[in-house]
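# Residue-level structural notes
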Amino acid sequence: MILFVDKTGRRAKTAAQIFNFMGILATGATPSAAQSEISNRYNTIVIFSPEDITAADEFISNLKRLSLGAVIIAVSDVNHNEGIFTIPSPSFDLLIRGEISSSELYAKIAELRKNYEKPPLGEYKLMGLDASVSNKSLLYFDTPIALTKTELMITRLLIKSYPNPLQAKDILKGAFKPDKLPLLSNVRTHVSIINKKFKGSVGRNLISLSDDRLGYVLATPEQMNEKKLLTV
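Note that residues are indexed from 1 along each chain, following the sequence as it is written. Where totals are concerned, whole chains, interfaces and linings use all residues; where local detail is concerned, this predicted model gives features only for residues with pLDDT of at least 70, and gives and counts side-chain atom pairs only at 80 or more. Working from all heavy atoms in the structure, the side-chain values ignore hydrogens and water.

Spatial ordering of the open sheet is given by β6-β7-β8-β9, a layout of four strands whose pairing is antiparallel. Bordering the open sheet on either side are β6 (125–126) and β9 (143–145), each of which pairs with just one other strand. At least two DSSP bridges between two strands are needed for those strands to be called paired. Secondary structure elements follow DSSP: runs of H or I no shorter than four residues count as helices, runs of E no shorter than two count as strands, and numbering proceeds from the N terminus. Pairing geometry for strand β8 (residues 138–140) and β9, over three bridges, is antiparallel. Opposite Leu-138, over in β9, you have Ile-145 as the bridge partner. This element, helix α7 (residues 184–202), spans β7 (129–130), β8 and β9 of the sheet and lies at about 155 degrees to β9. Any two residues whose heavy atoms approach within 4.5 Å are treated as being in contact. A fitted line through C-alpha atoms serves as each axis, taken over the contacting stretch for helices, and the angle formed by two N-to-C directions is quoted from 0 to 180°.

Rendered as structure tokens:
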């Protein structure tokens, strides 16, 4: 997942929407929201105009630590011929000066992740599941399961979060377009549809409720067999 950050959050949210459109899990946030949002689900962080962020060096170090080592890219509006860039470049894994298009940024992120041996950008794989952006549908080993774009985004989010369960509000925030957020009950509806499609092809549900029934998590075959035994 990618976390985009800028002082007001506007540029970050726009970037996240563009990457979401491409099928990439991404979130846009202000610096304060980023420190609440960050977790090891994020393996890439892009910070726009770090020169505008108070105590940026400390902020970036915190994000690096709390994400358990995400690669960090800074996109600075200060180019080579303007002023002095005061934040030490070692804080970043890559410093980009000046304007950059979404396609160029995508390429830079993909290259940096490859160099740091992170999962390829757009790849979402776990336990025989392959919900990567390069696929037209979800694959379970060699079995294709046709899912909508939203259903694929939910599956990708659960893959990135596994084994930690996600509450409906977290799925709503991470897998749906910010300008078209449905009711929380719609998450349950989407999960039910995903399970129906997956069960029709594989014979079991893909998603289950966590043990405390407060969140959703990808179900392993062993978990589903245990639940069947408990209902006998």
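Resuming the write-up.
Looking now at empty space enclosed by the protein. Both site types are read off a 1 Å grid over the protein atoms alone. A 1.4 Å probe that fits but cannot get out defines a cavity, while an open set with protein on both sides within 12 Å along at least five of seven lines defines a pocket; lining residues have an atom within 4 Å of a point. Grid points are joined across faces, edges and corners, and a volume is the space filled by probe spheres set on the points. Counted by the stated rule, this structure contains one cavity of 30 Å³ or more. By volume, the largest cavity is sized at about 60 Å³. Forming the walls of the largest cavity are 13 residues, and the residues nearest its centre are Met-1, Arg-113, Gly-122, Glu-123 and Tyr-124. Per-class residue counts for the lining of the largest cavity are eight nonpolar, two polar and three charged. By the convention adopted, Pro, Cys, Tyr, Trp, Phe, Met, Ile, Leu, Val and Ala count as nonpolar, Lys, Arg, Asp and Glu as charged, and the other residues, Gly among them, as polar.

The next thing to look at is helix α3 (residues 56–66). What α3 keeps buried is the set Ala-56, Phe-59, Ile-60, Asn-62 and Leu-63. In an axial view of α3, the angular spread of the buried residues amounts to 155 degrees, which keeps them on one side of the axis. Of the exposed residues in α3, the ones pointing more than 90 degrees away from its buried face are Glu-58 and Arg-65. Those residues of α3 hidden inside the fold are in contact with β1 (2–5), α2 (31–37), β3 (44–48) and β4 (71–76). Once α3 ends, the next one or two residues include Leu-68, with phi positive near 60 degrees. Burial here depends on accessible area, computed with a 1.4 Å probe over protein chains only, as a share of the maximum for the residue type. Under 20% is buried, over 50% is exposed, and the range in between is partly exposed. As used here, the arc is the angular range of directions from the helix axis to the C-beta atoms.

Residue Pro-163 is reached from Tyr-162 by a cis peptide bond, and omega for that bond is 5 degrees. Of note, Pro-163 is situated in the loop between α5 (149–161) and α6 (168–175). If you check the backbone angles, Leu-68 has positive phi at about 60 degrees while not being a glycine. Relative to the helices and strands, Leu-68 resides in the loop between α3 and β4. Owing to a relative accessible area of 65%, Leu-68 belongs among the exposed residues under this scheme. Although it is not a glycine, Glu-117 adopts a positive phi angle of roughly 55 degrees.

Looking now at the sheet that holds strand β2 (residues 26–29). Pairing is parallel across the open sheet formed by five strands, whose spatial order is β2-β1-β3-β4-β5. Looking at strand neighbours, the two that pair on one side only are β2 and β5 (94–97), the edges of this open sheet. The average undirected angle you get between the axes of adjacent strands in this sheet is 15 degrees. With four bridges connecting them, β4 and β5 associate as parallel partners. Bridged to Ser-76 within β5 is Arg-97. Along the sheet, helix α1 (residues 10–21) contacts β1, β2, β3 and β4; its crossing angle with β2, the most-contacted strand, is approximately 170 degrees.

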